[in-house]
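Structural overview
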Amino acid sequence: MRAFSGELFKTVRRISVWVCVVGLLAAAVTIGYAIPWIAETFAKNVQGLPAGVTLADLKIQLYPANFIRYTLQQWSSLGGVFALIVGVLLQGSEYGWGTVKTLYTQYDGRLTMLFGKLGALFSIVVLMVVSLFAVDAVSSAGAALLDGKSLDFPAAGVILEGVGAMILIFGFWAGFGFILATAFRQSAMAIGLGLAYALVVEGLIFGLGSLLGDWVKKIQEWFPIANTGYLADAFGRTNIRGLTANITPYADATHAITVLLIYVVAFVAISALLVRRRDVTS
Amino acid sequence: MASTTSDAVVETRALTKRYSNGIVAVDGLNLVVRRGEVYGFLGPNGAGKTTTLRMLLGLIRPTSGSATAAGAAPGTPQSLEKVGAMVEAPAFYPYMTGYDNLRMLAIYNGVPVSRVDATLEQVELTPRARHKFSTYSMGMKQRLGIAACLLKQPELLILDEPTNGLDPQGMVDVRNLIIELGKGDRTVLVSSHLLGEVEQMCTRIGVIQKGKLVAEGTIDELRGSASLFIRAQPAEKALSVLAEACGADKVKGDGDGAFSLSVDLSRTAELNRLLVQSGVDVTELRENERSLEDVFMELTGTEAGL
């Protein structure tokens, strides 16, 4: 508990952590709501929409009834990048500043320190997710009020499930950043590799691999980003008039949750092993 | 684990660290630091001082051998709760103030926050306590490092080259602080390659070279007994008189009529009289005390930092 309190004490004083949190929320408001609402309200002569579908039809995504699935769809990967960076920062900077030796020569053992830090990271992840949904809820209410639409929100149970799902997704990303920073004992390479994987590697492998047949999909269902997608898709797609909705996810929520939990547990176990066994020479 | 020497606060037995590249940084080190000592761990750069201290803190695992620090295995909570340590440059969070850095460590150690102010006062850092660590000078960083060591009121302080990078005034301040901290029951293990500071601070010294302890004792013990230096002419006649008076094995000719004599210094006047009565001109006669620097250079084959 002392290690957790100590880690939280220094984490909340770190501006770069808040830059990530505020950056995510700012992106959620602008990219998620403000820009789409402005575009779908004022744009004219948009090409590429199916016959009979108008920009106004797309705005249904922005209203409160859809804010849970909209948030999950939009931020499970892109928002995860912010969580990844936080995970890297919390661990990687300790090596950069040489504060690892300062921490390890305090009262608690290395593993207690590690779990204190993971606890602080989890707290920030929860804060990010809850703030994200809160900001999206307010934004969706704003969009509905501006358009004179219903302020009906999903049931509390659905909201809680959505928040829980996103905590798992962001938890995976933060854990991914944490283990990269632990393995490489620095932030720069961890962020670089993490972003490369998040934005390029898995998409590229399976984008090309899907041409080879369904067996590639079988492999893909054990990869993390695919499962963050399956979990988000489990909340359904917004039914937009004239567009195909309700596509069936390749794997269900239970599968996605199981796979993501396996990744998170593996990240923690490997981090613990590395932290416990390695010499601190710098 | 084998039993430890009764008043030993630090004890190592055949402690060895061999890195994967084959370099043996510490080689079968046997070291005992007793309660209340200010023990100087002296050696040239790369001798294995920092590796030893890191092993005593559990930061590095030994390849073989064993160690205890403050009565427990290094790196365990039982040991660390009694040990304050600063290894190489003090490392803190640059975005936090000195005060907040210590407060964070106080939380970690379950130490009352009131200790933070007390330790800052002790190292005379209170006026800059609310400034960010990143704005501190090297001297202030060292003092914050020492303050962090003192938070727990440890019974053992391990300080690795604590005056490194300091200006002369800063070195004096830190040295005086360590002397002050070493008073009473607290044990201080301080590494250095600076002979002068070890001489001023430490009650006992261990000299390490290539990972091995090559000498250990008080400063006087390391220096050994003083000898008599005589310069006289003619040299052959002087040698004959001195050898007859003291024994040939006690007289060492250094050339050009210079001699070192391993004799009791109370015989100085007698030997002078004998030489003069034998027609030898004595041009120089003095106590020939070996400096710690001479000892260090003999033991390590290096030039000591001064």
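Given the structure is predicted, the values throughout are model-derived calculations rather than measurements. (Residues numbered from 1 in each chain as written. Chains lettered and ligands numbered in written order. Predicted model: local features only at pLDDT ≥ 70, side-chain atom pairs only at ≥ 80, totals over all residues. Heavy atoms only, no water.)

Points about the overall build of chain A
Summing up its helical and strand segments, chain A has 11 helices and 0 strands in all. Ordering the α and β elements of chain A from the N terminus gives α-α-α-α-α-α-α-α-α-α-α. Against the globule reference of 19 Å for 282 residues, chain A gives a C-alpha radius of gyration of 21 Å, in line with a compact fold. Across its three principal axes, chain A shows a C-alpha extent of roughly 65 × 45 × 35 Å. Within the span of chain A, comprising 282 residues, buried residues form 50% of the whole. Long-range pairs, those at least 24 residues apart, make up 82% of the contacts in chain A with a sequence separation of at least 6. Just so you have it, chain A exposes about 12,700 Å², and 69% of that area is on carbon and sulfur atoms. Here chain A contributes 19 positively and 15 negatively charged side chains, and the mean placements of these two sets differ by 10 Å. (Helix = DSSP H or I, 4+ residues; strand = E, 2+ residues; numbered from the N terminus. Rg over C-alpha atoms; globule rule 2.2 N^0.38 Å. Buried < 20%, exposed > 50% of the residue type's maximum accessible area, 1.4 Å probe, protein only. Contact = heavy atoms within 4.5 Å. Areas by Shrake-Rupley, 256 points an atom, 1.4 Å probe, with all protein chains shown as cover. Lys, Arg positive; Asp, Glu negative; His and termini not counted. Charge placed at Lys NZ, Arg CZ, Asp CG, Glu CD.)

What to know about helix H4 (residues 114–122) of chain B
All names here are of chain B. All buried positions along H4 are accounted for by Arg115, Val116, Thr119 and Leu120. Projected onto a plane normal to the axis of H4, the buried residues spread over an arc of 135° and lie on a single side. Of the residues in H4, the exposed ones pointing more than 90 degrees away from the buried face are Ser114 and Glu121. Buried residues along H4 sit in contact with helix H3 (98–109) and helix H5 (138–150). (Arc of directions from axis to C-beta.)

Some details on the sheet that holds strand E9 (residues 212–217) of chain B
Two modes of strand pairing occur in sheets, parallel and antiparallel, and in both the strands are linked by backbone hydrogen bonds. All names here are of chain B. Read from one edge to the other, the open sheet built from 6 strands follows the order E5-E6-E7-E3-E8-E9, with strand pairing classed as mixed. Both outer strands of the open sheet, strand E5 (83–86) and E9, are each paired with one neighbouring strand and no more. Going from strand to strand, the sheet's axes swing by 15° on average, the running direction of each strand aside. Relative to strand E7 (residues 187–192), strand E6 (residues 156–160) is paired through 5 bridges, and the arrangement is parallel. Each residue of the ladder has a partner; that of Asp160, found in E7, is Ser191. Seen against the sheet, H5 touches E5 and E6 and runs at an angle of roughly 165° to E5. (Pairing = 2+ DSSP bridges. Axes fitted to C-alpha atoms, helices over the stretch in contact; angles between N-to-C directions.)

Observations regarding the interface of chain A and chain B
Taken together, the contact pairs 32 residues of chain A with 30 residues of chain B. For the pair chain A and chain B, the two sides together bury roughly 2,800 Å², of which 59% comes from carbon and sulfur. The interface formed by chain A and chain B holds 2 salt bridges in total. One salt bridge in this structure joins Arg13 of chain A and Asp100 of chain B, with 3.5 Å as the shortest N-O distance. The interface formed by chain A and chain B includes 19 residue pairs in polar contact (both at pLDDT 80 or more). Ranked by the residues each element gives to the side of chain A that touches chain B, the list is headed by helix H1 (residues 2–11) of chain A, at 8 residues. Looking at the side of chain A that touches chain B residue by residue, the classes come out as 8 nonpolar, 11 polar and 13 charged. (Buried area = accessible area lost by both parts, 1.4 Å probe. Salt bridge = Lys/Arg side-chain N within 4 Å of Asp/Glu carboxyl O. Polar contact = N/O pair within 3.5 Å; in protein donor to acceptor, adjacent residues only side chain to side chain. Nonpolar A, V, L, I, M, F, W, Y, C, P; charged D, E, K, R; others polar.)

Some remarks on the layout of surface pockets
Taken as a whole, the largest pocket holds about 470 Å³ of empty space. Taken together, 25 residues line the largest pocket, and the ones lying closest to its centre are Arg110 of chain A together with Gly58, Arg61, Pro74 and Gly75 of chain B. When contributions to the lining of the largest pocket are tallied by element, the ones reaching two or more residues are helix H6 (110–147) of chain A together with strand E4 (64–69) and helix H2 (77–80) of chain B. Top contributing element to the lining of the largest pocket by residue count: E4 of chain B, with 3 residues. In this model, the second largest pocket occupies a volume close to 240 Å³. Contributing to the lining of the second largest pocket are 16 residues, with Leu118, Phe122, Gly171, Gly175 and Val264 of chain A lying nearest its centre. Of all the secondary structure elements, the ones that give two or more residues to the lining of the second largest pocket are H6, helix H7 (156–184) and helix H11 (253–277) of chain A. For the lining of the second largest pocket, the element with the highest residue contribution is H7 of chain A, accounting for 8 residues. (1 Å grid on protein atoms, 1.4 Å probe; cavity = no way out; pocket = protein on both sides within 12 Å on 5 of 7 lines; lining within 4 Å. Points joined across faces, edges and corners; volume = space filled by probe spheres on them.)

So, the pairing of strand E11 (residues 251–255) of chain B
Residues and elements named next belong to chain B. Here E11 pairs with strand E12 (residues 258–261) via 4 bridges, running antiparallel. Among the inter-strand pairings, Lys252 is bridged to a residue of E12, identified as Ser260. Counting the residues that bridge the hairpin from E11 to E12 gives 2 residues, and of these Asp256 lies at a positive phi of roughly 60°.

Focus: the side chain of Glu197 of chain B
Residues and elements named next belong to chain B. Relative to the elements of secondary structure, Glu197 occurs in helix H7 (residues 195–201). This buried residue, Glu197, is left without a salt bridge; Arg175 holds the nearest opposite charge, at 4.1 Å. Ignoring sequence-local partners within four residues, the contact set of Glu197 consists of Thr163, Met171, Arg175 and Ser192.

Focus: the sheet that holds strand E1 (residues 8–18) of chain B
Residues and elements named next belong to chain B. In spatial order, the strands read E2-E1-E4; together these 3 strands make up an open sheet with antiparallel pairing. Looking at the sheet topology across the chains shown, the edges are occupied by strand E2 (24–34) and E4. If you compare each strand with its neighbour and ignore which way they point, the axes differ by 15° on average. In terms of strand pairing, E1 meets E2 through 7 bridges, oriented antiparallel. The residue of E2 that forms the bridge with Thr12 is Leu31. Lying on the sheet, helix H1 (residues 49–56) is in contact with E1, E2 and E4; it crosses E1 at an angle near 115°.

Some details on empty space enclosed by the protein
This structure, assessed with the given rule, holds 4 cavities of 30 Å³ or more. By volume, the largest cavity amounts to about 170 Å³. In terms of lining residues, the largest cavity is bounded by 17 residues, among which Thr102, Thr105 and Gln106 of chain A together with Ala85 and Met86 of chain B are the most central. Elements with a minimum of two residues in the lining of the largest cavity: helix H5 (99–104) of chain A together with E5 and H5 of chain B. Here the residues of the lining of the largest cavity sort into 10 nonpolar, 5 polar and 2 charged. A volume near 90 Å³ is recorded for the second largest cavity. Lining the second largest cavity, in full, are Gln91, Glu94, Tyr95, Val100, Leu103, Tyr104, Arg110, Met113, Leu114, Lys117 and Val275 of chain A. Residue assignment for the lining of the second largest cavity shows that the elements contributing at least two residues are helix H4 (67–97), H5 and H6 of chain A. Residue composition of the lining of the second largest cavity, grouped by class: 7 nonpolar, 1 polar and 3 charged.

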